[in-house]
2 protein chains.
Amino acid sequence: MNRRDEIVAAAVGILEAAGPEALTMRRLGHAVGMRAPSLYKHFASKDELLAALQEHALADLGAALERSGGTVCGLARAYRTWALAHPALYDLAMRHPLARHRLAPGVEEAAAAPVVSAAGGDVDRARAMWGAAHGLVDLELAGRFPPGADIDAAWAETIRLFSMGTAQ
Amino acid sequence: MNRRDEIVAAAVGILEAAGPEALTMRRLGHAVGMRAPSLYKHFASKDELLAALQEHALADLGAALERSGGTVCGLARAYRTWALAHPALYDLAMRHPLARHRLAPGVEEAAAAPVVSAAGGDVDRARAMWGAAHGLVDLELAGRFPPGADIDAAWAETIRLFSMGTAQ
DNA sequence: ACCTGAACACCGTTCAAGT
DNA sequence: ACCTGAACACCGTTCAAGT
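Quantities reported herein were computed from a predicted structural model and do not represent experimental measurements. (Residues numbered from 1 in each chain as written. Chains lettered and ligands numbered in written order. Predicted model: local features only at pLDDT ≥ 70, side-chain atom pairs only at ≥ 80, totals over all residues. Heavy atoms only, no water.)

Q: Please clarify how the overall build of chain A should be interpreted in this entry.
A: Looking only at helices and strands, chain A has nine helices and zero strands in total. Mapped from its N terminus to its C terminus, chain A presents α and β elements in the order α-α-α-α-α-α-α-α-α. Across the 168 residues of chain A, 52% fall into the buried class. Of all intrachain contacts in chain A linking residues separated by at least 6 positions in sequence, the fraction that spans at least 24 positions is 63%. For chain A, the exposed area adds up to about 7900 Å²; of that, 56% sits on carbon and sulfur atoms. In chain A, which carries 17 positive and 19 negative side-chain charges, the distance between the mean positions of the two groups comes to 6 Å. (Helix = DSSP H or I, 4+ residues; strand = E, 2+ residues; numbered from the N terminus. Buried < 20%, exposed > 50% of the residue type's maximum accessible area, 1.4 Å probe, protein only. Contact = heavy atoms within 4.5 Å. Areas by Shrake-Rupley, 256 points an atom, 1.4 Å probe, with all protein chains shown as cover. Lys, Arg positive; Asp, Glu negative; His and termini not counted. Charge placed at Lys NZ, Arg CZ, Asp CG, Glu CD.)

Structure representation (structure tokens):
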């Protein structure tokens, strides 16, 4: 484990334990035993650090989807569960433009593959499914549904629609 | 137009012209002819200002949906068009918890009504539609789809699914 | 009642200097 | 090659003071 990976691991730890606003260069430096300016010997900017975290998040989510079975329902369940368990990483993975030239090759495709497969190979339908799942997750994470809203029922309705005309 | 509304209007102007990171208390003060600390005579905090902007956004989006005709397709078109035209206000409207006790009564319901109506009165289906639309819009605004992705086609597929079993 | 300048505790980032 | 302290240009916010 080189210094760069150590820093990424520490950043993940801060993100999971204390949320995105806690991830400052000074605090991250402290976590790995150096001052903030020294971090710039390992990452050109905080954005480059965030790109590394995004790659980590995408790989981890992709692996969770891979394990989900492959049905629309299983996929949806795995997607929502992962997002709720890792809200800050989910935000990084889905709400920042991908620095595709810096991303390890295949990471984006690997995360997308189970969705495309559940959509029967139709990429437009896969993106519709992605959009629906992302929207429900994002609204839930934002605390934006009215109090008492039955989020499970909204998911069930979404899953029902996207299961129609899909080989299960 | 009282001072409070003047400040909100100036904030909307900054948001639309220069994006969310440009909306600082110092710059907003400058736009309305005072120093940043004076803004705190009108708003207790920046969060309270953002809540006022959220209400403004919700009312404006609600009016746009009202004018959309009422079909799933028309509604989806109006939703996406408004969001792409007002990305910063859209983010405020949908990605921050609603301060419902401070919101003018009826604003949230008015924005939701056209969607619930298009869903035939089924609130779970309405939330599924909201989630799907929000997800597609949010991924598009984040620049998260791969280059060359046919976003129109993903919308078309989503609209097709949500039009099934809905009286048009 | 409304506005001000000065200050506080933070940010990300740069840079000359040390080893 | 790696790390440091000091500094810069920002934040949101507080507060004593002025009118």
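Picking up where we left off.
Q: What is the right way to look at the relation of the copies chain B and chain A in this model?
A: Mapping one chain copy onto the other needs a rotation about an axis and a shift along that axis. Overlaying chain B on chain A yields an RMSD of 0.0 Å, the required transformation being a rotation through 180° with an accompanying axial translation of 0.0 Å. What we have between these two chains is a two-fold relation. (Least-squares fit on C-alpha atoms with pLDDT ≥ 70 in both.)

Q: Could you clarify how one ought to interpret the domain arrangement of chain A in this entry?
A: Interfaces are often sized by the accessible area lost when the parts come together. All names here are of chain A. Partitioning chain A into domains gives domain 1 (1-43) and domain 2 (54-163). Here the C-alpha centre of domain 2 lies 27 Å away from the C-alpha centre of domain 1. Roughly 390 Å² is buried in total at the junction of domain 1 and domain 2, and carbon and sulfur atoms are behind 75% of that figure. A per-residue breakdown of the area domain 1 buries against domain 2 is headed by Val12, Leu15 and Glu16, which together make up 84% of the total. Here domain 1 is connected to domain 2 by zero salt bridges. Applying the counting criterion to the domain 1 and domain 2 interface returns one residue pair in polar contact (both at pLDDT 80 or more). (Domains from an automatic or database assignment. Buried area = accessible area lost by both parts, 1.4 Å probe. Salt bridge = Lys/Arg side-chain N within 4 Å of Asp/Glu carboxyl O. Polar contact = N/O pair within 3.5 Å; in protein donor to acceptor, adjacent residues only side chain to side chain.)

Q: Which parts of the structure should I look at to understand the interface of chain B and chain A?
A: Taken together, the contacts link 39 residues of chain B with 39 residues of chain A. Buried surface at the junction of chain B and chain A, summed over both partners, amounts to about 3300 Å²; 59% is from carbon and sulfur atoms. For chain B, the biggest contributors to the area lost against chain A are Arg127, Arg144 and Leu161 of chain B; these three give 21% of the whole. One can count six salt bridges joining chain B with chain A.

Q: Sorry if this is basic, but what is going on with the packing of aromatic side chains here?
A: Centre-to-centre distance and the angle between the planes together describe a pair of aromatic rings. Residues and elements named next belong to chain B. According to the stated counting rule, one finds four aromatic pairs over all chains in the structure shown. Judged by centre distance (5.7 Å) and plane angle (80°), the ring pair of Tyr79 and Tyr90 falls under edge-to-face. With Tyr79 in helix H5 (residues 72-85) and Tyr90 in helix H6 (residues 87-95), this residue pair connects regions lying 11 residues apart in the sequence. As far as burial versus exposure is concerned, Tyr79 and Tyr90 are alike and both buried. (Phe/Tyr/Trp six-rings, centres within 6.5 Å; stacked < 30°, edge-to-face > 60°.)

Q: Help me out: how do you make sense of the nonpolar core in this one?
A: One recurring pattern in soluble globular proteins is that nonpolar side chains are buried together. In this structure, Leu53 of chain A together with Leu53 of chain B are the most contacted members of the largest nonpolar core, which totals 123 residues. Those residues in contact with Leu53 of chain B that lie beyond four places of it in its chain are Val8, Ala11, Val12, Leu15, Leu23, Leu89 and Leu92 of chain B. (Core = buried A, V, L, I, M, F, W, Y, C linked by side-chain atoms within 4.5 Å.)

Q: Explain the protein's contact with DNA strand D to me, please; I cannot follow it from the model alone.
A: Around DNA strand D, the structure places 16 residues, and the nearest of them are Arg3, Arg35 and Ser38 of chain A together with Tyr40 and Lys46 of chain B. Near-protein atoms of DNA strand D (within 4 Å) split between backbone and bases, with sugar and phosphate holding 51%. Within the contact set of DNA strand D, a phosphate oxygen lies 2.6 Å away from a backbone nitrogen or oxygen of Arg35 of chain A. Within the side chain of His42 of chain A, an N or O atom sits 2.9 Å from a phosphate oxygen of DNA strand D. Of all elements in the fold, only helix H3 (36-39) of chain A together with helix H2 (25-32) of chain B reach the threshold of two or more residues within the surface near DNA strand D. Of the residues contributing to the surface near DNA strand D, the split by class is six nonpolar, four polar and six charged. (Near = heavy atom within 4 Å. Nonpolar A, V, L, I, M, F, W, Y, C, P; charged D, E, K, R; others polar.)

Q: Just to check I follow, could you spell out the side chain of Arg80 of chain B for this structure?
A: Residues and elements named next belong to chain B. With respect to the secondary-structure elements, Arg80 resides in helix H5. Take Arg80: its relative accessible area is 16%, and that puts it in the buried class. In this structure the side chain of Arg80 is engaged in a polar contact, spanning 2.8 Å, whose partner is the side chain of Asp152. Excluding anything up to four places from it in sequence, Arg80 contacts Val137, Glu140, Ile151, Asp152 and Trp155.

Q: I would appreciate a short explanation of the layout of surface pockets in the present structure.
A: One simple way to see leftover space: roll a probe sized like a water molecule over the atoms. Estimates place the volume of the largest pocket at around 900 Å³. Lining the largest pocket are 28 residues; nearest its centre among them are Asp91, Arg95 and His96 of chain A together with Asp91 and Arg95 of chain B. Going through the elements one at a time, helix H4 (46-66) and helix H6 (87-95) of chain A together with helix H4 (46-66), H6 and helix H8 (123-141) of chain B are the ones with two or more residues in the lining of the largest pocket. Of the residues forming the lining of the largest pocket, the biggest block, six residues, is contributed by H6 of chain B. Tallied by class, residues from the lining of the largest pocket come to 17 nonpolar, two polar and nine charged. (1 Å grid on protein atoms, 1.4 Å probe; cavity = no way out; pocket = protein on both sides within 12 Å on 5 of 7 lines; lining within 4 Å. Points joined across faces, edges and corners; volume = space filled by probe spheres on them.)

Q: Would you explain the pattern of salt bridges in this entry?
A: Tallied over the entire structure, the rule returns 23 salt bridges over all chains. Put simply, Arg95 of chain B and Asp91 of chain B hold a salt bridge, and the shortest N to O gap is 3.7 Å. One end of the pair, Arg95 of chain B, and the other, Asp91 of chain B, are both in helix H6, four residues apart, so they sit about a helical turn from each other. Salt bridges here are not isolated pairs; linked through shared partners, they connect Asp91, Arg95 and Asp138 of chain A together with Asp91, Arg95 and Asp138 of chain B.

Q: So what exactly am I meant to see when it comes to the protein's contact with DNA strand C here?
A: Near DNA strand C there are 16 residues, and of these Tyr40 and Lys46 of chain A together with Arg3, Arg35 and Ser38 of chain B occur at the shortest range. Sugar and phosphate atoms represent 50% of those atoms of DNA strand C found within 4 Å of the protein. The separation between a base nitrogen of DNA strand C and a polar side-chain atom of Arg26 of chain A is 2.8 Å. For DNA strand C, a phosphate oxygen lies 2.6 Å from a polar atom in the backbone of Arg35 of chain B. When residues of the surface near DNA strand C are traced back to their parent elements, those giving at least two are helix H2 (25-32) of chain A together with helix H3 (36-39) of chain B. Of the residues that constitute the surface near DNA strand C, the class distribution is six nonpolar, four polar and six charged.

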